[in-house]
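Below, each chain spelled out in residue letters.
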Amino acid sequence: QVQLVESGGGLVQAGGSLRLSCAASGRTATTYGMGWFRQAPGKEREFVAGITWTGGSTYYADSVKGRFTISRDNAKNTVYLQMNNLKPEDTAKYYCAAARGLSSRSSVYNYWGQGTQVTVSS
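Residues numbered from 1 in each chain as written. Predicted model: local features only at pLDDT ≥ 70, side-chain atom pairs only at ≥ 80, totals over all residues. Heavy atoms only, no water.

**A few points about the state of the cysteines**
A covalent bond bridging the sulfur atoms of two cysteines is what the word disulfide describes.
In step 1: In the structure shown here, the tally under the stated rule is one disulfide.
In step 2: In this model Cys22 forms its disulfide with Cys96; the gap between the sulfur atoms is 2.0 Å. Across the S-S bond linking Cys22 and Cys96, the dihedral sits near 55°, which makes this disulfide right-handed. Residue Cys22 is found in strand 3 (residues 18-25), and its partner Cys96 is found in strand 9 (residues 92-99); the two are separated by 74 residues along the sequence.
In step 3: Residue classification places Cys22 among the buried residues on the basis of a relative accessible area of 0%. (Disulfide = S-S within 2.5 Å. Helix = DSSP H or I, 4+ residues; strand = E, 2+ residues; numbered from the N terminus. Buried < 20%, exposed > 50% of the residue type's maximum accessible area, 1.4 Å probe, protein only.)

Given below as structure tokens:
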């Protein structure tokens, strides 16, 4: 069993930055691949970024490539999403999730956090 708690969301102006954190707990939390997803009102949940359990491989949605960076610190059981040059269309609730592997498909992820809201004003 893995528990995930996100933090770091908030309100920011377009062009600004935020860093989201996802604290994981559970005996084997560090052996899971981790992903960030987001869901805006009226839209489906979409993949944002993913990282393998070693941190050796990362994967990004085209819409955030070059602006967002995913990383992890297994000593702290924490995954981060650094978001730069934020745009109004990045406004959504952001969720972290854990999976046995790396995938952009939400169905692969076994554990989910409650989410943190990111709002980007124009």
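**Observations concerning unusual backbone geometry**
In step 1: Despite not being glycine, Asn77 shows a phi value in the positive range, around 55°.
In step 2: Mapped onto the secondary structure, Asn77 falls in the loop between strand 7 (68-73) and strand 8 (78-83).
In step 3: Overall, the relative accessible area of 25% leaves Asn77 in the partly exposed class.
In step 4: Unlike most non-glycine residues, Asn85 shows phi in positive territory, near 50°.
In step 5: Inspection of the secondary structure assignment puts Asn85 in the loop between strand 8 and strand 9.
In step 6: Assessed through its relative accessible area of 41%, Asn85 is described here as partly exposed.

**A few points about empty space enclosed by the protein**
In step 1: In the structure shown here, the tally under the stated rule is one cavity of 30 Å³ or more.
In step 2: Reported here for the largest cavity is a volume of approximately 40 Å³.
In step 3: Considering the residues around the largest cavity, the lining is formed by Cys22, Ala24, Ala29, Thr30, Met34, Arg72, Asn74, Asn77, Thr78 and Val79.
In step 4: Elements with a minimum of two residues in the lining of the largest cavity: strand 3 and strand 8.
In step 5: Of the residues contributing to the lining of the largest cavity, the split by class is five nonpolar, four polar and one charged. (1 Å grid on protein atoms, 1.4 Å probe; cavity = no way out; pocket = protein on both sides within 12 Å on 5 of 7 lines; lining within 4 Å. Points joined across faces, edges and corners; volume = space filled by probe spheres on them. Nonpolar A, V, L, I, M, F, W, Y, C, P; charged D, E, K, R; others polar.)

**Details of the pairing of strand 8**
Walk down a regular strand and you will see the side chains alternate between the two sheet faces.
In step 1: Counting buried residues in strand 8 gives five out of six residues, a clear majority hidden from the surface.
In step 2: With six bridges joining them, strand 3 and strand 8 adopt antiparallel strand pairing. Considered in strand 8, the bridge of Leu20 is made with Leu81.
In step 3: Pairing analysis gives six bridges linking strand 7 to strand 8, with the strands arranged antiparallel. Each bridged residue has a counterpart across the sheet, and for Phe68 the counterpart in strand 8 is Met83.
In step 4: The loop that links strand 7 with its antiparallel partner strand 8 comprises four residues; one of these, Asn77, has a positive phi angle of about 55°. (Pairing = 2+ DSSP bridges.)

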